[in-house]
Amino acid sequence: MLYVPLKRLKAGMTLARPIRFATSKEPLVNTGQVLTEKMLRRLREFRIIGAYIEADIAEGVEVKEIISTEEKEEIAEDLKGVYNGFLEERNMSSRLVNDIFEVSDKLMNIVLSKDEFLLNVIDIKDYDNYTYSHSMYVGILSMLTGIKLGLTRGDVSILTTAGLLHDIGKVDVPLDIIQKNGPLSDSERDIMKKHPEFGVKRLLRLSGITSEIVGAVYSHHEKVDGTGYPQGIKGDKIPYFGKIIALADVFDALTSVRSYRNAWHANEVIEYMMGCANTHFDMQLLKTFLKVVAAYPVGMMVRLSDNTTALVIKNSESNVLRPTVRILKPGEEVAALGAKRGTEVDLFHEKEYYNITVKESLNEAEEGEFFDQGDYFINSGEEKEEIKTESQQE
Ligand SMILES: [Fe+2]
């Protein structure tokens, strides 16, 4: 399957994965459906960032799921129950602690049953119910980082639970601030910045909550150089789990669409986060975190440093910036090495390619002309004819 950004999706393309939204139980578009102009208008309305389609050039390229859409829905539903429990005074009991640990255990069992520990960002973003999805994604990313760090199962469980609860204090921030369509004013931001404290106040009323969870929730907006909040503490003074959740939180927030900006691509977020090592983030933890998120997700088209167009077919946790790619249109240097269309190159292990880097993902970019060539469809019958005619006429 091939990932095609919204701008490049066209009528006649066949969906390789369903697209769904929290507002509707049924997918907007299902696997195997051929896109129509009407569907495209709906996808634009919902501001989806792109979709997986069937394409000859991406034959055999499978995107492994860490968590299926159905599983995401189930977890989000469970989280909704827990968050509602926090809103109802009568439920402030140790039962709520059990409930949240159950959710995090369920999530752990799902993730540990897969042999994939590298997150494809596009994969995770197909289910978007912001209230609960952000908490769930922060939980998953924190969990993967914890596993990669070699923490015990018990510690990963605590870390995941803290990730799921990190923004629980937002239930006490007025809804008009939470739902504001645009950047916050100074006074609104001051109230918003109180959510770690609000969260801790709620958590401390629960018997059975661990001090690690409380510490992590309180400190997830601290920065290692001391410029964060609420305490402005530095480096090792910041709880370990709080520093991990900070990474997961920033990564998920920036790769999500906001009312006032589009989602960033994973590679852009990774570049940004690397720029914040030792100021915002702990360098060692960031290094581990970068082993659990794919900069260039499988199925994505990229441009290499010599202008080769290529398709990402596999990622390596050893270096998320140097995936294995399938060459689609060789540039000068890649061609000189004898790589033709269809050659697969492991940019991390194959030494002759050491000076070739991934320059950018072919997404929103005007230079995404490759998407317009129309030679990657495997649609049958009339749809295909129609598109070929269309692209030949252009
Ligand atoms: Fe937060």
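Before going into details, it helps to say that this report is about the structure given with it. On a predicted model such as this, the values are computed, not experimentally measured, just so you know. (Residues numbered from 1 in each chain as written. Predicted model: local features only at pLDDT ≥ 70, side-chain atom pairs only at ≥ 80, totals over all residues. Heavy atoms only, no water.)

1. Some points on the coordination of the iron ion
For the iron ion, every protein donor is listed as D167 (OD), H195 (NE2), H220 (NE2) and H221 (NE2), and the spread of their distances is 2.1 to 2.2 Å. Relative to the metal, the four donor atoms surrounding the iron ion lie at angles of 84 to 174°, and the coordination shape comes out irregular. For H195, a relative accessible area of 1% puts it in the buried group. (Donors = N, O, S within 2.8 Å, 3.2 Å for Na, K, Ca; no water. Tetrahedral: all angles 85-135°; square planar, octahedral: opposite > 155°, others 65-115°. Buried < 20%, exposed > 50% of the residue type's maximum accessible area, 1.4 Å probe, protein only.)

2. Quick notes on the pattern of salt bridges
Inspection of every chain in the model, using the stated rule, returns 10 salt bridges. Two residues, R202 and D172, come together in a salt bridge whose shortest N-O distance is 2.6 Å. On the criterion of sequence distance, the pair formed by R202 in helix α9 (residues 195-204) and D172 in the loop between α6 (153-165) and α7 (175-178) is long-range, its members being 30 residues apart. Residue R202 is classed as buried on the basis of its relative accessible area of 8%. Residues R326 and E344 are paired through a salt bridge, measuring 3.0 Å at the closest nitrogen-oxygen approach. Linking R326 in strand β5 (residues 324-329) with E344 in strand β6 (residues 344-346), this pair joins segments that are 18 residues apart in sequence. E344 gets classed as partly exposed once you look at its relative accessible area, which sits at 41%. A single network of salt bridges, built from pairs that share partners, joins E74, D78 and K106. (Salt bridge = Lys/Arg side-chain N within 4 Å of Asp/Glu carboxyl O. Helix = DSSP H or I, 4+ residues; strand = E, 2+ residues; numbered from the N terminus.)

3. Observations concerning the packing of aromatic side chains
Ring pairs (aromatic) are described by centroid distance and by the angle formed between their planes. Per the stated rule, a full pass over the model turns up four aromatic pairs. Measuring from ring centre to ring centre gives 5.6 Å for F251 and F289, while their planes differ by 70°; the resulting arrangement is edge-to-face. With F251 in helix α11 (residues 240-254) and F289 in helix α13 (residues 283-289), the pair connects residues that are 38 residues apart, well separated along the chain. Across the pair, exposure class does not vary: F251 and F289 are buried alike. (Phe/Tyr/Trp six-rings, centres within 6.5 Å; stacked < 30°, edge-to-face > 60°.)

4. A few points about a positive patch on the surface
On the surface, K38, R41, R42 and R44 cluster together to form a positively charged patch. Structurally, R42 can be placed in helix α1 (residues 37-45). (Patch = residues over 30% accessible without salt bridge, like charges linked within 9 Å, V, L, I, M, F, W, Y side chains within 5 Å. Areas by Shrake-Rupley, 256 points an atom, 1.4 Å probe, with all protein chains shown as cover. Lys, Arg positive; Asp, Glu negative; His and termini not counted. Charge placed at Lys NZ, Arg CZ, Asp CG, Glu CD.)

5. Side note on helix α2 (residues 69-87)
The end-to-end C-alpha distance of α2, which contains 19 residues, comes to 27 Å, matching closely the 27 Å that a straight helix rising 1.5 Å per residue would cover. Taken together, the buried positions of α2 are T69, K72, E73, I75, A76, L79, V82, Y83, G85 and F86. (Expected span 1.5 Å × (residues − 1).)

6. Side note on the packing of α6 against α11
Taken N-terminus to C-terminus, the directions of α6 and α11 make an angle of 55°; their axes are 10 Å apart at the nearest point. As summarised for this structure, α6 and α11 are arranged oblique, according to the angle between their axes. By crossing handedness, the relation of α6 to α11 is classed as right-handed. Across the interface between the two elements, D155, I158, L159, A162 and G163 of α6 pack against F241, I244 and I245 of α11. Tallied by class, residues from the contact of α6 with α11 come to six nonpolar, one polar and one charged. (Axes fitted to C-alpha atoms, helices over the stretch in contact; angles between N-to-C directions. Parallel < 35°, antiparallel > 145°, perpendicular 65-115°, else oblique. Left-handed = near helix turned anticlockwise from the far one by under 90°. Contact = heavy atoms within 4.5 Å. Nonpolar A, V, L, I, M, F, W, Y, C, P; charged D, E, K, R; others polar.)

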